[in-house]
Structure formats: structure tokens, C-alpha cells
Amino acid sequence: MTKIRMGQNVPHAFGACSQTMITIGLAGLLAWHSALSNYLFAPSAGMAISPLFAAFFSASLLVAYCYASYRADSTLLSHARLAAWFIACIIAGSVAACLIAARLLPTWSIYIAAVVVGFSWASCAFLWAGIAANSSLSDTFRNLACALVLASAADLFFMHGGDVRSVIAAPFFGAVSLAGFLASLGDSIMPNDQILVRPQNTRTYMRIAAAATLFAGALGVTAGSTAHAATEIEMATINENVSTVALVAGIIALGAWLILRNRATFIGALRVFVPVIVGIMLLNIVALDRAQIWLAATLFSWRLLCIIMFGLLVSVSKRGVISLALIFPAGWSILSGGYALGTLIGQSLCPLYVTDSQSMFVVVVGVAMTTVIGAMLMFAGNAESIIPAESPCPEPEPSKSSVGENTGGEKADRAGIVTLDDFVEPPNSPQIAETAESARKGPLDEACGKVAATFHLTERESEVMMLLIHGHTRAAIAKKLFISENTARAHVKSIYSKLSVHSKQQLIDYIETKTKA
């Protein structure tokens, strides 16, 4: 029986169409996030604890969900579950945000709605990261730059349309993002490997995480202070300024991609972002006459930091050392947690102690110094080591059966014609099967095979070890190999004994050393 192989042998026009839908969907996601943030800012004024804190802190729930799915080895990344999850998040997040904006909820339930909004936003960002992971890093950079321009222009359009457009902004942008996601999901291959491996560049990851947390915290203090003091009318003006700054930044990012192309990386964008945000913080101190401009730039910097970290986490997952299903929730929670703590400090603690201009100056200087420390951490080492180097892939040579002749030997000009044969794997084609199998093997799999041969592991032990290094639990291994858990446990014990290791992490570390050999 032949197998449909969607996503392979797809003509260039199909690929261009897919990238267009990804750009539109990402634009809807960014505009949706902007609308949700705008809805949360107004009710935050005068509250002891900001709904913004509850919304962004709830991103940690994504880690719990993904880790529970990993432990249960469930089909977290199946297409049906992804689509259902995205639809539920868009509907729940939009409805909760609209209820908050319309002031239809009692005070205590605002925080519950904010948690729903925050978890929905984090989940949609994670699901879109799975789509972006199937594109090259250059395409992802371009898609996000174009999406930022489109989202900012759409924001400004809806802001100038009166109350009606403002109310329907979140549902509309959510629907656009949903349409783009569903259109892109059909041709995407979502990674199912639940790889739980300790990265070799641990210090680099920790340093970048600490720097991102400090940046997010500093930006959160500014957001919390603004939400506490600004009126609803003032917030509308501030949000308009933020969208204007976002539009300019999107145009600059798109221009940078047009000039640099494959040399445009998310690590490079982060390194540009660092001095810019430090400069903006310092301008908040020395150029108070243009405070509204610097405030808008500071608030937008949080959105820009989210976009850069989105691309950076996707880039890290391409190394194949740790799966997107684990690195993205963890990284996103660290970033959102820092911002949540910053908003709590800015809205709840600063008003208690900031009573005059001098104390306000001290807070601004403290925020600027926090940003400087984050910049020092960011530039302390070689962060490029965690990003895989992309090499341009040559176009495959056309085969005779697909260009010059059909299966009956008759000549045919098939230029520009797409048939079902382009999507169907020919039966009884061992060469294609062998090529596909070798393409699926990564460095860990090859090293695993060498270790199995060196230590004379049985065929079943080799299979168990392969699943172990990909992070599967013993219960999951038993289910996949159709054996009992006791048998799986016995195989694991035998593997540990033959290799003289005592834990899964020691086994993974040993296999990783063989990938360098």
C-alpha cells in the first residue's frame, strides 16, 4: 500500500503559499497578544495586585502540562490534539479578555480570567513554535519581521475605529491566527520525540536565561508602574504609541533581513536588542522631556523580547539536543515569570515607597542598572554555540520519471503540472526507504548503535536504550515495545550493568560523548 507523504516533494509554489500562511498566522498571533495586553492594562489601574501578574505568571502552567504529557508519553503533538488545543485557547483567551475589558466580572474572577488569558497566549505561542520549527531559521526570521509589520498596522487600524473595532479586535485577530495555524498544520511534521537531555553548554543556557529574566523583570517594573498610574484614556494613547514604535521596528527588522538574509539570526537580534534597551532605560533618566516616547519604546521592548526569544527557542530546538516540547515551555515560563515579578514590583511595591521625585529617580536608576547587569551577562560568552549552523540545501535533481517520461515510457512535458504522484511514495522503493531512514537518524541514534555494538547489547536492549536516550519512561518503553514494565525494567538494569552507569542521565551523558568521537 502506498503512503501519502505530505510535506515532501512539494513544489516551490506550495512552499511559498505555506510560508505566506505562516506569516499571516503569526501576524494574527502578535496582534492577538497586543489586544489581550491592552485589555488587561485598563482594569489593572489602582489594583493591589495586577491582573498582568496573574496572566504572565500562568505561563508556568504550560510547563506542568507538557511535563505531565511527557511522563505519560501521550500523543501531545498529534495534529488532532494540536488543532483542538489551539481552537480552545483562542476561544477561551478571547472570551476571557473581552469579559475583563467590558468590566463584567467581579474583582476575584478577574484574576481567574487573567490566568486563562495568560495560559492561552503561552499555549498558542508554543503551538506556533512547532510550526516555525519546520522552517529554516532565515524563513522564521523573515516571517516574524513581516508579521510584526502586519500586526502593528492592524493594531493601529483597529485603534482608530472606535469602540466597536476595539471590542472585536481580540476575536478577529485570534480567528486570523487560527486560520493560519490550521492551514499550516496540514503540511507540517510536528516532532514527537520527547527528548529530555541535559545540554552540554549548561552555563550558556543559564546565562542567557538569567539575562532574559533581568530584561523581562526590568520591563515588567515599567509596565506595572504604568498600569498603576495611567488612566484608561492615557493607556489608549500609550498603546497607540506602542503600536507605532512596533511598526517602525518591524520595518527595520524586515530591512535587516533583506540585507543580511541567511546571516540574520535571533542571537544577533538579541545582541542588538541589548544595547538598545539599555539606551532606552538611560534615556528615561536623562531625557524626561520626551518621556512618552521612551515609555512607549520600553513597553514595546517586552513584545520585541518575546518575539526574539520565540525565535531563539525554536533555533535551540533545531540542535536536536532537547525537544521543543520541553525547551519552549521552560524558556517561556522563565521569561514570563520575570516579567510577572516585575509587574508585581512596579504596581504593588513601588507605590508604597515611591512618594517623591527623588525616590522615583532611584527606581528608574535601579531598573536601568538591572538592564545593564543583564547586558553584561549576555555579552559574557559565546552564545552562538547553542544555535545550529544552517547550510544551504541544494535543490534535488529531477528524476526521469518525474520530468521527461511517465511510467509507460511516453514523453510528457510536466512543467508546472502537479499530480497525485508528487505526493505518493512509489511502492517497493528500497532506495527511498533507505534514504528516509538515514535522514531520520541523528547523532544520538548513530552513537547509540555504536555503543550497542561495542558492549554487545541484544537487539531488544538496543531498542530500549534508543528509547531511553530519547527521554521515554520505562512505562512508555513497555507500551511502545509491547512488553511488560517488569521486562522493560530488567532490560534497563542490564543496559546499566553492561555500560557501568547508574542512571538515565549518566547513560545520556555517555552517549553524548560518543557523538563527538
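Here we summarise the structure given alongside this text. (Residues numbered from 1 in each chain as written. Predicted model: local features only at pLDDT ≥ 70, side-chain atom pairs only at ≥ 80, totals over all residues. Heavy atoms only, no water.)

### Topic: the overall build of the protein
Note the following rule: By definition, any uninterrupted DSSP run of H or I lasting at least four residues is a helix, any uninterrupted run of E lasting at least two residues is a strand, and each is numbered from the N terminus. Partly exposed residues are those whose accessible area sits between 20% and 50% of the maximum for their type, while under 20% is buried and over 50% is exposed, using a 1.4 Å probe and protein chains only. The contact criterion used throughout is that any non-hydrogen atoms of two residues lie within 4.5 Å. Residue exposure ignores everything except the shown protein chains as possible cover, and the areas themselves are Shrake-Rupley values with a 1.4 Å probe.
Summing up its helical and strand segments, the protein has 20 helices and zero strands in all. For the protein, the proportion of its 517 residues judged to be buried stands at 47%. By sequence separation, contacts in the protein at least 24 residues apart represent 83% of the contacts at least 6 residues apart. For the protein, the accessible surface area stands at approximately 24900 Å², while carbon and sulfur atoms represent 65% of it.

### What to know about the nonpolar core
Rule in force here: Throughout, nonpolar core names a set of buried Ala, Val, Leu, Ile, Met, Phe, Trp, Tyr and Cys residues whose side chains join them through atoms within 4.5 Å.
W32, W128, W302, L305, F310, F328 and W332 are the most contacted members of the largest nonpolar core, which has 114 residues in total. With 15 residues, the single largest contributor to this core is helix α11 (residues 291-317). Look past the residues within four positions of W332 in its chain and what remains in contact with it is A59, W121, A122, A125, C306, F310 and L313. V451, M465, L481 and I508 belong to the second largest nonpolar core, which has 22 residues in total.

### Focus on α11
As a reminder of what qualifies: Given a helix with a known number of residues, its expected span is that number minus one, times 1.5 Å. One fitted axis covers the seven residues ending at a residue, a second covers the seven starting there, and the bend at that residue is the angle between these axes.
Look at α11: 39 Å from first C-alpha to last across 27 residues, which is about the 39 Å you get at 1.5 Å a residue. The largest bend along α11 measures about 25° and falls at S301. With 23 of its 27 residues buried, α11 lies for the most part within the structure.

### Quick look at the side chain of S58
What counts is decided by this rule: Any N or O atom pair separated by 3.5 Å or less is treated as a polar contact, with the protein-specific requirement of one donor-capable and one acceptor-capable atom, and with residues adjacent in sequence counted only for side-chain atom pairs.
Relative to the helices and strands, S58 is located in the loop between α2 (51-57) and α3 (60-72). At 2.5 Å, the side chain of S58 and the backbone oxygen of A55 are in polar contact. Those residues in contact with S58, other than ones at most four positions away along the chain, are A114, V115, G118 and F119.

### Digging into the packing of aromatic side chains
The condition that has to hold: Centre distance within 6.5 Å is the pairing criterion for rings of Phe, Tyr and Trp, where only the six-membered ring of Trp is used; planes under 30 degrees apart are then read as stacked, over 60 as edge-to-face, and the remainder as tilted.
Scanning all chains against the criterion turns up 18 aromatic pairs. Centre to centre, the rings of F310 and F328 are 5.9 Å apart; their planes meet at 85°, and the pair counts as edge-to-face. Taken as a pair, F310 in helix α11 and F328 in helix α12 (residues 324-353) lie far apart in primary sequence, 18 residues in all. With a centroid separation of 5.1 Å and an interplanar angle of 15°, the aromatic rings of F328 and W332 are classed as stacked. Separated by four residues within a single helix, F328 and W332 lie in helix α12, roughly one turn from each other. A relative accessible area of 0% places F328 in the buried class. What makes W332 buried here is its relative accessible area of 2%.

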